[in-house]
Amino acid sequence: MYLLRMALLNIGRNRLRSALAVICVLAAVLTNMMMGGLMMGMMGSIVKNYTKNTSGHIRIVNAEFLKREKFMPVDELVDDSAAIIAAIKEEPSLSTKLVSVNDRLSFGVLLSNGEDVRPALTLAGDLEGEKSMLMLQKSILPGGAYPSKPGQALIGEGLAKALGFELGSSVKLVLEKSDAGLRMKKFTVSGIIRSGVNSMDESILFISLSDAKALLGLGQASQQILVMIKDYRQANSAAASLRAALEARGLSEGIAVQPWTEYGGYL
């Protein structure tokens, strides 16, 4: 009590000095709070964009796919993707956390326009589901349209210029099927994308999931299943719940369930 009384007397003895000390402490605390909030917001935005475009909050793939992932193989597949998607949607522990579940394919192709040939990265997904994931509809240049039927494609602006494609152009696509055979098909350019990311605009072709599965001969199989939840910070616990749920249903053999924190360029 003696020390407390001395401290109180000291505070009151020079009120200006005490006020300056309080102001300095408050300024330091507020600055730390503001910087912490700014950094958390920036990190959250980075994770949001990365997971939507690349990984999902949780990814389900064939375990063998992981060994050759950089080659984007289309022969290491999740065999019954429909059953796994149904199990995810029915899992009680995810009922309040789940936002969406989407099939997605990524694979290399060759595009040609006469004698001009270029490699391209093809992304394929459910047309409606990808509107909230890749959101390519927001990057389509005026006059173009998001694919609405089979046989339509979106193409990056740089890639379109390099090959001389315009809206309505016919794109010849050559790829290797899942059984190692070659397949060729023509698509119509319904829209040209300008995302502002050069690496994407110079290489991307987007087609529907149904077109891609037919081209590759995948049937009900899928390359990747991407799960989005409400809070990306709960991805680890949600992935653990999902592993247990798939194991209980006998769907876990040869399957890898990965939260975004365990793989990819962001990590």
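In this report, the structure presented in the accompanying data block is examined. It should be emphasised that the depicted structure is a prediction, and the values quoted were computed from it without experimental measurement. (Residues numbered from 1 in each chain as written. Predicted model: local features only at pLDDT ≥ 70, side-chain atom pairs only at ≥ 80, totals over all residues. Heavy atoms only, no water.)

1. Comments concerning unusual backbone geometry
Then, number 1: For Met72, which is not glycine, the phi torsion reads 50° and is therefore positive.
Then, number 2: Examined against the element boundaries, Met72 turns out to sit in the loop between β1 (58-62) and α3 (81-90).
Then, number 3: Judged by its relative accessible area of 26%, Met72 falls in the partly exposed class.
Then, number 4: Located in the positive-phi region is Met135, a residue other than glycine, with phi close to 55°.
Then, number 5: When you line up the elements, Met135 lands in the loop between β3 (116-125) and β4 (152-156).
Then, number 6: Using a relative accessible area of 23% as the deciding quantity, one classes Met135 as partly exposed. (Helix = DSSP H or I, 4+ residues; strand = E, 2+ residues; numbered from the N terminus. Buried < 20%, exposed > 50% of the residue type's maximum accessible area, 1.4 Å probe, protein only.)

2. Some thoughts on the layout of surface pockets
Then, number 1: Looking at the largest pocket, its volume works out to about 700 Å³.
Then, number 2: In terms of lining, the largest pocket is formed by 31 residues, of which the most central are Asn53, Thr54, Arg104, Leu123 and Leu134.
Then, number 3: Taken together, the elements giving at least two residues each to the lining of the largest pocket come down to α2 (15-55), β2 (98-113), β3, α5 (198-201) and β8 (224-229).
Then, number 4: Per-element tally for the lining of the largest pocket: the top contributor is α2, with five residues.
Then, number 5: When its residues are assigned to classes, the lining of the largest pocket shows 14 nonpolar, eleven polar and six charged.
Then, number 6: Size it by volume and the second largest pocket reaches roughly 220 Å³.
Then, number 7: Taken together, 13 residues make up the lining of the second largest pocket; nearest its centre are Met72, Pro73, Val74, Glu176 and Lys177. (1 Å grid on protein atoms, 1.4 Å probe; cavity = no way out; pocket = protein on both sides within 12 Å on 5 of 7 lines; lining within 4 Å. Points joined across faces, edges and corners; volume = space filled by probe spheres on them. Nonpolar A, V, L, I, M, F, W, Y, C, P; charged D, E, K, R; others polar.)

3. Focus: a nonpolar patch on the surface
Then, number 1: Taken together, the side chains of Val22, Val25, Leu26, Val29, Leu30 and Met33 make up a nonpolar region of the molecular surface, amounting to roughly 570 Å² of accessible area.
Then, number 2: Its location among the elements puts Leu26 in helix α2. (Patch = residues over 30% accessible without salt bridge, like charges linked within 9 Å, V, L, I, M, F, W, Y side chains within 5 Å. Areas by Shrake-Rupley, 256 points an atom, 1.4 Å probe, with all protein chains shown as cover. Salt bridge = Lys/Arg side-chain N within 4 Å of Asp/Glu carboxyl O.)

4. Observations regarding the pairing of strand β7 (residues 204-208)
Then, number 1: With five of five residues buried, β7 lies mostly within the body of the structure.
Then, number 2: Pairing of β3 with β7, which is carried by five bridges, proceeds in the parallel orientation. Along β7, the bridge assignment pairs Leu121 with Ile204. (Pairing = 2+ DSSP bridges.)

5. Here we look at helix α7 (residues 235-248)
Then, number 1: Between its terminal C-alpha atoms α7 stretches 20 Å, which fits the 20 Å expected from 14 residues at 1.5 Å a residue.
Then, number 2: Of the residues making up α7, those classed as buried are Ala235, Ala238, Ala239, Leu242, Ala245 and Leu246. Looking straight down α7, one finds that the buried residues subtend no more than 125° of arc, so they occupy a single side. Opposite the buried face of α7, by more than 90 degrees, sit the exposed residues Glu247 and Ala248. (Expected span 1.5 Å × (residues − 1). Arc of directions from axis to C-beta.)

6. Let's talk about the packing of aromatic side chains
Then, number 1: Per the counting criterion, the structure on display carries two aromatic pairs.
Then, number 2: Just above the ring of Phe187 sits the side chain of Lys185; from NZ or CZ to the centre is 5.7 Å.
Then, number 3: Positioned over the ring face of Tyr232 is Arg233, at 5.8 Å from the centre of the ring. (Phe/Tyr/Trp six-rings, centres within 6.5 Å; stacked < 30°, edge-to-face > 60°. Lys NZ or Arg CZ within 6 Å of the ring centre and 35° of its normal.)

7. Focus: the pairing of β8
Then, number 1: Taken across its six residues, β8 has six buried, putting it largely inside the fold.
Then, number 2: Of the two faces of β8, the one lined by Gln224, Leu226 and Met228 and the one lined by Ile225, Val227 and Ile229 are each fully buried.
Then, number 3: Inspection of the sheet shows β1 paired to β8 by three bridges, in the antiparallel sense. Bridging from a neighbouring strand, Arg59 pairs with Leu226 of β8.
Then, number 4: For β2 and β8, the ladder comprises six bridges, and the chain directions are antiparallel. The partner of Ser100 across the bridge, within β8, is Met228.

8. So, the environment of Gly164
Then, number 1: On the secondary structure map, Gly164 appears in the loop between α4 (157-163) and β5 (170-176).
Then, number 2: Owing to a relative accessible area of 48%, Gly164 belongs among the partly exposed residues under this scheme.
Then, number 3: With 51 residues separating them along the chain, Gly164 and Asn113 place their C-alpha atoms 7.4 Å apart.

9. Thoughts on the nonpolar core
Then, number 1: Counting 28 residues, the largest nonpolar core has Leu105, Phe107, Leu111, Ile155, Leu173 and Ile207 as its most contacted members.
Then, number 2: Counting residues per element, the ones that place at least two in this core are β2, β3, β4, α4, β5, β6 (182-193), β7 and α6 (209-216).
Then, number 3: Core analysis: the next-biggest nonpolar cluster, separate from the first, contains 22 residues, Ile60, Val78, Ala87 and Trp260 among them. (Core = buried A, V, L, I, M, F, W, Y, C linked by side-chain atoms within 4.5 Å.)

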